[in-house]
Amino acid sequence: MDFIPEHGKKLTKEEIKSIIEKNNVHFIRLQFVDINGNVKNMAVPAAQIDKVLNNECMLDGSSIKGFRSIETSDMYFFPDLSTFSLLPWRKNGEGTNVARIICDIHNADGTPFEGCPRCNLKRVIKEAQDMGYVLNVGPEAEFFLFNMDEKGNPTLETHDKAGYYDVGPDDRGENVRAQMVETLKKMGFDIEASHHEVADGQHEIDFKYADALTTADNVVSFKYAVKAVAAKNNLYATFMPKPVFGINGSGMHCNVSLFKDGKNAFYDENAPYQLSNEAMYSIGSLLDNVMGFTAVSNPSVNSYKRLVPGYEAPVYLAWSLANRSALIRVPAKRGNGTRIELRSPDPSCNPYLVFAVMLTAMLDGIKNKTNPPKQTEENIYEMSAKERKEKGIASLPGALNEAIYLMKKNDLVKRALGEHIYNEFVSSKEKEWDDYRTKVSEWEIKNYL
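Residues numbered from 1 in each chain as written. Predicted model: local features only at pLDDT ≥ 70, side-chain atom pairs only at ≥ 80, totals over all residues. Heavy atoms only, no water.

**Student:** Teacher, can you tell me more about the packing of aromatic side chains here?
**Tutor:** Under the definition given, this model contains 16 aromatic pairs. With a centroid separation of 5.4 Å and an interplanar angle of 50 degrees, the aromatic rings of W433 and Y436 are classed as tilted. In this pair, W433 and Y436 both sit in helix 11 (residues 411–438), three residues apart, roughly one turn of the helix. Aromatic rings pair up to connect F143, F189, F207, F222 and F239 into one cluster. (Phe/Tyr/Trp six-rings, centres within 6.5 Å; stacked < 30°, edge-to-face > 60°. Helix = DSSP H or I, 4+ residues; strand = E, 2+ residues; numbered from the N terminus.)

Spelled out as structure tokens, the structure:
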């Protein structure tokens, strides 16, 4: 039977070597992400496992976006032994397997690289631990399935014309989603639900919440696996926020809670709404800082094609106990299930960076006792601009350049990302915006030629 990992269980070196032998593993992929959250890896033969486990495998950091200059490019893979997993879609008919292990990137002297998104999140998590808190996150990453053309390239033809919670034969993604679920389960995911989303060809698979580092690992593994299974079915899976005009885009709502001494620190049965001071301060600080970290949670030019009114997108800075038109919603469940849902992030983001800025904002809110405004019970989508202004409800940035400008004015985001990642991220996004700004689009040709 193939090895199925238990999330959070750190294997010993000997256990990993035994799993490799028993499962006929031929290659091991040393996996990490760049500053944009793209999965990168280096494959090594299984015979090199001792070198892998002893942190002796090197990479050229100057070739990775946002990492090192050519003068200081020697870096090392430091594998996290709790992330060892087989890649189910890579098993062939002869029974050989390919495994992966998620790595931190370290400098030549063995210290954690400040530009590694995973190392940076671990730094922020340590700050939370020093205050006695653990951040748990449950993301909801939506995606589209598109048909491929005869050359194997993705088209903009959605795989089906179904809608929210539809069933087959309208929902033609049932079998593919089932394959995705089984693949993810073999990788150790605890799958809670899967269903068709609102838009044609749009889908969602929900997996159980976990601590912030495990969840960030899970998000990048989830995207990796979903794309691989789709390709095996001659389909293209995309986490692009808004691939098709006129229908809903894809979000990645983040349900977050802080735990302290094993109990949910957001729950207080005697407080208004049964929300503790920590919960209220977290809501207040997230609302205060979300304009500054929107470039991180919504990092592409295309992200802002989703963040427009009329498509259920959360663009208004408000919070509510149930109202889905607000940026932050507090689901009804209480006790250990008490949580707040930030609805603006999209699945093109780097989860390590997003969770770092969210956690930093929440801790800052607790330190400074940042109270939120009064909750908004009305449907904000139906308010006029004048009504929103009277109630003090602002809107998220309308484009990437505006988000970058606001990010550069926010010191908390810089603290959360660290100077290296912050500078590299801003530089990368300014170049991306400039590239977009100077291109002539089909819309311009149609309207102005």
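Here the narrative resumes, following the displayed structure.
**Student:** Looking at this structure, how should I read the pattern of salt bridges?
**Tutor:** One side chain can pair with another of opposite charge once the charged atoms of both are near each other. Here the structure, examined in full by the defined rule, presents 18 salt bridges. The shortest N-O distance in the salt bridge between E341 and R343 comes to 3.2 Å. Relative accessible area serves as the criterion here: at 2%, E341 is assigned to the buried category. Notably, a salt bridge pairs E430 with K408, separated by 2.8 Å at the nearest N-O pair. With E430 in helix 11 and K408 in helix 10 (residues 400–408), this residue pair connects regions lying 22 residues apart in the sequence. Of the residues examined, K408 reaches a relative accessible area of 47% and is grouped as partly exposed. Bridged by salt links that share partners, the residues D80, D104, R118, K122 and D217 form one connected network. (Salt bridge = Lys/Arg side-chain N within 4 Å of Asp/Glu carboxyl O. Buried < 20%, exposed > 50% of the residue type's maximum accessible area, 1.4 Å probe, protein only.)

**Student:** How should I be thinking about the environment of F207 in this particular structure?
**Tutor:** Relative to the helices and strands, F207 resides in strand 10 (residues 202–207). Sequence separation of F207 and I191 is 16 residues, and the distance between their C-alpha atoms is 4.3 Å.

**Student:** What should I look at first to understand the environment of V426 in this one?
**Tutor:** Considering the arrangement of structural elements, one finds V426 in helix 11. The spacing of V426 and M407 is 19 residues in sequence and 8.3 Å in space, taken between C-alpha atoms. Here V426 is in contact with I404, M407 and K408, once residues within four sequence places are set aside. (Contact = heavy atoms within 4.5 Å.)

**Student:** Which parts of the structure should I look at to understand the packing of helix 10 against helix 11?
**Tutor:** Helix-helix packing is characterised by the crossing angle of the two axes and by the distance between the axes. Packing of helix 10 against helix 11 leaves a shortest axis separation of 11 Å and a crossing angle of 150 degrees. As far as their axial angle goes, helix 11 and helix 10 are roughly antiparallel. For the pair helix 10 and helix 11, the crossing hand works out as left-handed. Counting all contacts with helix 10, which are made through L400, N401, I404, M407 and K408, the residues of helix 11 involved are V413, L417, Y422, F425, V426, K429, E430, E432 and W433. Its residues assigned to classes, the contact of helix 10 with helix 11 shows nine nonpolar, one polar and four charged. (Axes fitted to C-alpha atoms, helices over the stretch in contact; angles between N-to-C directions. Parallel < 35°, antiparallel > 145°, perpendicular 65-115°, else oblique. Left-handed = near helix turned anticlockwise from the far one by under 90°. Nonpolar A, V, L, I, M, F, W, Y, C, P; charged D, E, K, R; others polar.)

**Student:** Sorry, what's going on with the pairing of strand 4 (residues 74–79) here?
**Tutor:** On a regular strand, one side chain projects to one face of the sheet and the next to the other, so that they alternate. Residues M75, F77 and P79 point to one face of strand 4 and are all buried, whereas D74, Y76 and F78, pointing to the other face, are not buried. Pairing analysis gives three bridges linking strand 3 (residues 58–60) to strand 4, with the strands arranged antiparallel. From the neighbouring strand, D60 faces strand 4, where its bridge partner is D74. As paired elements, strand 4 and strand 6 (residues 97–107) share five bridges and run antiparallel to each other. Its bridge partner lying in strand 6, F78 is registered against D104. (Pairing = 2+ DSSP bridges.)

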